[in-house]
Amino acid sequence: MSNEFDLIARIRARVEAADADPAVLVGIGDDAAVMLPEPGMALVTTTDTLVADRHFRSDWPADDVGHLALAANLSDLAAMGATARWALLSLTLPDADEAWLDAFLDGFLALASRSGLRLVGGNIASGPLNLGVTLIGQADPARVVRRGQASPDQRILVTGSLGDAAAALELQEAAPESLRRRLRRPEPRLRAGEVLAACAASMIDISDGLLADLRHLLPPGLGATLELAALPTSPALRQAFRHDERRWNLQVAGGNDYELLLTVAADRVDGCRQALAELALDVVDIGRVTRESAIVCRTPDGDVFEADRIGWDHFER
Ligand SMILES: Nc1ncnc2c1ncn2[C@@H]1O[C@H](COP(=O)(O)OP(=O)(O)O)[C@@H](O)[C@H]1O
Ligand SMILES: Cc1ncc(C[n+]2csc(CCOP(=O)(O)OP(=O)(O)O)c2C)c(N)n1
Ligand SMILES: [Mg+2]
């Protein structure tokens with residue numbers, strides 16, 4: 001049976017098997033990690049914890065959990081227009097299960113490596129399964145995109161498609177594989193975030209739900225109109241939820257989409273989409289920022305749709 005230091009040695013061996021990062025002066029193994037930031041670049045840091053049976057189910061494959069823990073955090077860097085550099089990983093584990101840790105690292109390190117991210121440290125404690133990730137990224141200080149900066153008449157754009165993860169959560173074992181993957185292995189929109197940072201007035205990633213996260217883009221007193229017919233919808237979601245209102249509820253309030261939501265001046269939308277198209281990426285225009293403080297969802301018939309809720313809140317229910 002492993003002890004705490006065996007597990008750390010296991011993580012360290014995996015990280016050091018990859019090419020060295022010359023900007024890391026001290027990595028895993030000392031009291032703290034030491035990195036050399038790139039001159040002139042701003043450091044961008046974020047942290048999110050994933051808790052068993054709150055953010056994921058403990059019976060999920062560990063490599064999916066490793067991917068998800070990192071993806072949820074990378075999504076926050078993407079929403080700032082930042083690139084990923086370094087990670088810290090705080091593991092609270094019920095026991096020293098080497099096979100579980102190895103599989104977790106498979107998912108975590110594969111996504112780290114293709115995101116240009118190096119694991120430089122962390123912590124291990126025993127207790128109920130809980131995964132804390134802290135990321136350090138970098139961005140051109142002139143290009144960082146904030147929440148709360150939307151202005152009236154700006155267009156509201158979103159990447160990818162909405163509602164798949166929430167549908168998978170609702171359908172549980174009955175969920176088709178493509179929806180299930182959106183819940184367990186979301187793809188953080190890092191490259192799109194970097195490009196969109198050049199044209200977005202305000203940007204956020206959708207973790208809690210479209211309506212809840214859109215609120216964070218709007219300064220006090222402003223609102224929005226959203227066209228439900230314009231919401232990007234995967235074929236699998238449309239097939240699994242044929243009833244419009246059930247599907248719209250998942251799309252506007254389900255959460256865990258990890259898509260980017262942004263506002264853009266109307267005359268910059270085309271340029272923005274062109275820049276993305278060069279990377280074979282796309283955004284969809286789903287509505288407009290208004291001077292009324294409410295967020296109004298319109299059906300294809302022009303009626304107002306009242307969603308059952310606006311999104312996820314850890315202390316609701
Ligand atoms: N315990 C905390 N201490 C300090 N700041 C916090 C804490 N929890 C959340 N925040 C900050 O509150 C803001 C909103 O957090 P959150 O809704 O979790 O953002 P996100 O959806 O991007 O993870 C972020 O700036 C975050 O850093
Ligand atoms: C087992 C399970 N139950 C419920 C959910 C739904 N869920 C949990 S947390 C969450 C919102 C995002 O999590 P949060 O910790 O608020 O992330 P942040 O906004 O800080 O990025 C959602 C939709 C889930 N993903 N897994
Ligand atoms: Mg958070």
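For every chain, the first residue of its written sequence is number 1, and the numbers climb from 1 along that sequence. Chains and ligands are labelled by the order in which they are written, letters from A for the one and numbers from 1 for the other. For this predicted model, a pLDDT threshold of at least 70 governs which residues receive local features, and a threshold of 80 or more governs which side-chain atom pairs are given and counted, while totals over whole chains, interfaces and linings are taken from all residues. Side-chain calculation: all heavy atoms of the structure are included, whereas hydrogens and water are not.

- Under an unreviewed UniProt entry, the name given to the protein is Thiamine-monophosphate kinase, and the source organism is Wenzhouxiangella limi.
- UniProt positions are given in the numbering used here, feature names are shortened, and annotations may be inferred rather than shown by experiment. Note on the protein: under the UniProt heading Catalytic activity (unreviewed entry), the record states "thiamine phosphate + ATP = thiamine diphosphate + ADP".
- The UniProt entry for the protein carries this comment under Function (unreviewed entry): "Catalyzes the ATP-dependent phosphorylation of thiamine-monophosphate (TMP) to form thiamine-pyrophosphate (TPP), the active form of vitamin B1."

**Focus on the state of the cysteines**
Thinking step 1. Two cysteine sulfurs form what is called a disulfide whenever their separation falls within 2.5 Å. In total, this model carries one disulfide according to the counting rule given.
Thinking step 2. Across the disulfide, C199 is cross-linked to C272 (sulfur-sulfur distance 2.4 Å). Within this pair, whereas C199 is found in the loop between α6 (190–196) and β8 (202–205), its partner C272 is found in helix α10 (residues 269–277), the two being separated by 73 residues in sequence.
Thinking step 3. Residue classification places C199 among the buried residues on the basis of a relative accessible area of 9%. Segments assigned H or I by DSSP are reported as helices when at least four residues long, segments assigned E as strands when at least two residues long, and all are numbered from the N terminus. Summary of the burial criterion: residues with accessible area below 20% of their type's maximum are buried, those above 50% are exposed, and those between are partly exposed, where the area comes from a 1.4 Å probe applied to protein chains only.

**A few points about the UniProt feature "domain: PurM-like N-terminal" (unreviewed entry) in the protein**
Thinking step 1. Mapped onto this numbering, the UniProt entry annotates "domain: PurM-like N-terminal" (unreviewed entry) at residues 29–138.
Thinking step 2. Note that residues 29–138 is 33% helix and 37% strand, and that its end C-alpha atoms are spaced 24 Å apart.

**Let's talk about the pairing of strand β10 (residues 260–264)**
Thinking step 1. Most of β10 is tucked away: five of the five residues are buried.
Thinking step 2. Here β10 shows no split at all, with L260, L262 and V264 on one side and L261 and T263 on the other all buried.
Thinking step 3. Any two strands between which DSSP finds at least two bridges are classified as paired. Strand direction decides the pairing type here: strand β7 (residues 155–159) and β10, joined by four bridges, are antiparallel. Looking at the pairing, L157 lines up with L262 of β10.
Thinking step 4. Pairing geometry for β8 and β10, over four bridges, is antiparallel. Note that in β10 the partner of S202 across the bridge is T263.

**Some remarks on the site of ligand 2**
Thinking step 1. We call a residue near a molecule or strand as soon as one heavy atom of that residue lies within 4 Å of the molecule or strand. By nearness alone, every residue bordering ligand 2 is listed as D48, R54, H55, F56, R57, L169, S207, D208, G254, N256, W312 and H314.
Thinking step 2. In the model, an oxygen atom of ligand 2 is placed 3.0 Å from a nitrogen or oxygen of the D208 side chain.
Thinking step 3. For accessible areas, the Shrake-Rupley method is used with a probe of radius 1.4 Å. Any residue's cover is judged against the shown protein chains and nothing else. With the chains in place, 85% of the 590 Å² that ligand 2 exposes on its own is no longer accessible.
Thinking step 4. Class assignment of the residues belonging to the shell around ligand 2 gives a composition of three nonpolar, five polar and four charged. Nitrogen and oxygen atoms within 3.5 Å of one another constitute a polar contact, given that in protein one can donate a hydrogen and the other can accept it, and given that sequence-neighbouring residues count only through two side-chain atoms. For this classification, the nonpolar set comprises Ala, Val, Leu, Ile, Met, Phe, Trp, Tyr, Cys and Pro, the charged set comprises Asp, Glu, Lys and Arg, and every other residue, Gly included, is treated as polar.

**What to know about helix α4 (residues 164–171)**
Thinking step 1. Buried within α4 we find D164, A165, A166, A167 and A168.
Thinking step 2. Each element contacted by the buried residues of α4 is listed here: α5 (177–184), α8 (235–240) and α9 (244–253).
Thinking step 3. Positive backbone phi, approximately 50°, marks Q172, located one or two places after α4. Contact between two residues is taken to exist if any of their heavy atoms lie within 4.5 Å; hydrogens are not considered.

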